[in-house]
Structure formats: structure tokens, C-alpha cells
Amino acid sequence: MVVRRGRLAFADERPYDRDSNGVLWTRTPSQPGKGRPEYGKIHPHRQRNAMEQLLCQVCGRPADRNQDGTLWLLGEDLQDPVIPTGQTGILTAHPPLCLPCAHTSVGACPHLRKQYVALRVRHTEHAGVRGALYRPAVPRPVAIDAVGIAFDDQLIHWVRAGQLLVRLTDYQPVELPE
Ligand SMILES: [Zn+2]
């Protein structure tokens, strides 16, 4: 990590290391289909892509959708208000799900098994990122905290992002369909 033009950067940075907001993203090798799903531990680029395209967080196919919106599952601990704001809505780092994976997740994930809420979501906003916050230092910037940062916060230029945070703004609780 280096400081370039007053912000955190990779020494050998390439255009695709940043998103359209200019936020720097963690690099990870992409190996789709390899390994077992680790619930709660999501690949940064896959997580971001799933949020942006509303793809299932487990299998990567389009999330379940009907006239009431896209299917999301929230466990008690998945509702994660990491950005304190006066705004309404639910902030989450967890992308939506397809129906088969929703059923599998409820059975397989220890957190979801206890309690979950299924939502139909009509509208989402990209709120910010969760990642590692750095501060300038010699010889290299130093990671000082794991944070959630809104896109309009100046500290966003000092974060190496790992997850896109989305705010669900128009939603209704539903029964998980059979
Ligand atoms: Zn799926």
C-alpha cells in the first residue's frame, strides 16, 4: 500500500482496482466454484458483483424476484448498522438469495437457523463499504481499524474495501416461499 495523490493506493495499481466511486478494493484471486461456501465470509469481488447485479450470494444466479421485489434473508446478527445515520432502511453487507439457496442457507447457517426474516425488497441504495481503514505513515500506510464508511465520508479515500454495503429502503417482511 502507498499514498498517491492524497489517498490510499496500491503501488502497482490498475484501473480495475477501483470502483466507479473511486474506492479502492481488496484484491483476491478469483476461483469460482472452488472451495466450500463459508457463510459470513464472502469473496470481495463476488460480494460486490452480487450486490450490484442482485445475484444470489451463494450460487451467483439471479436472486429470486417477483412483483413484490427481490428476496433477502436477514438473520438477527446480519442486520448490521455500521454507519450511524438518521436515515431509515436496513443496512446490510449480505446480497439477496435465490429460493433454493435461501432454503439451504436457513438450514445450513448456524446464525440463520436460529432466527431469520425473509424480506421482499423493491429498492436498494449503495450506501458505502466495509473494509480496512488506513492512516498515512512512513514508510507505508498502516491499517488501523475495520470500519463501515459511507460513500460521502472523506475517510472513504483511506479504506481498502472488502464489502459493498447496501441500504434496503423499500421492503416488506414475507414468509419464505416453499
Ligand atoms: Zn442461489
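Residues numbered from 1 in each chain as written. Predicted model: local features only at pLDDT ≥ 70, side-chain atom pairs only at ≥ 80, totals over all residues.

Let's talk about the nonpolar core
This is how the line gets drawn: Here, a nonpolar core denotes buried Ala, Val, Leu, Ile, Met, Phe, Trp, Tyr and Cys residues that are linked to one another through C-beta atoms within 7 Å. The burial criterion counts other C-beta atoms lying within 10 Å of a residue's C-beta, which is placed from the backbone; the residue is buried at 20 or more, exposed at 12 or fewer, and partly exposed between these limits. A helix here means a DSSP run of H or I that spans at least four residues, while a strand means a run of E at least two residues long, and both kinds are numbered starting from the N terminus. Contact between two residues is assigned when their C-beta atoms, built from the backbone, lie within 7 Å.
Ranked by size, the top nonpolar core spans 35 residues in total, and within it V23, C56, W72, L97, V129, V159 and L165 carry the most contacts. Ranked by the residues each element gives to this core, the list is headed by strand β9 (residues 159-174), at seven residues. The contact partners of V159, leaving out residues within four places of it in the chain, are V23, V129, G131, A132, L133, V147 and I149.

Some remarks on the pairing of β9
This is how the line gets drawn: Two strands make a pair as long as DSSP finds a minimum of two bridges between them.
Two elements, strand β3 (residues 24-25) and β9, share two bridges in a ladder whose sense is parallel. Note on β9: the bridge partner recorded for W25 is A161. Looking at chain direction, strand β7 (residues 116-135) and β9 are connected through 14 bridges and run antiparallel. The partner of E125 across the bridge, within β9, is R167.

Describing the environment of R120
Structurally, R120 can be placed in strand β7. Assessed through the 20 C-beta atoms surrounding it within 10 Å, R120 is described here as buried. Sequence separation between R120 and D68 is 52 residues, and the spatial gap between their C-alpha atoms is 5.9 Å.

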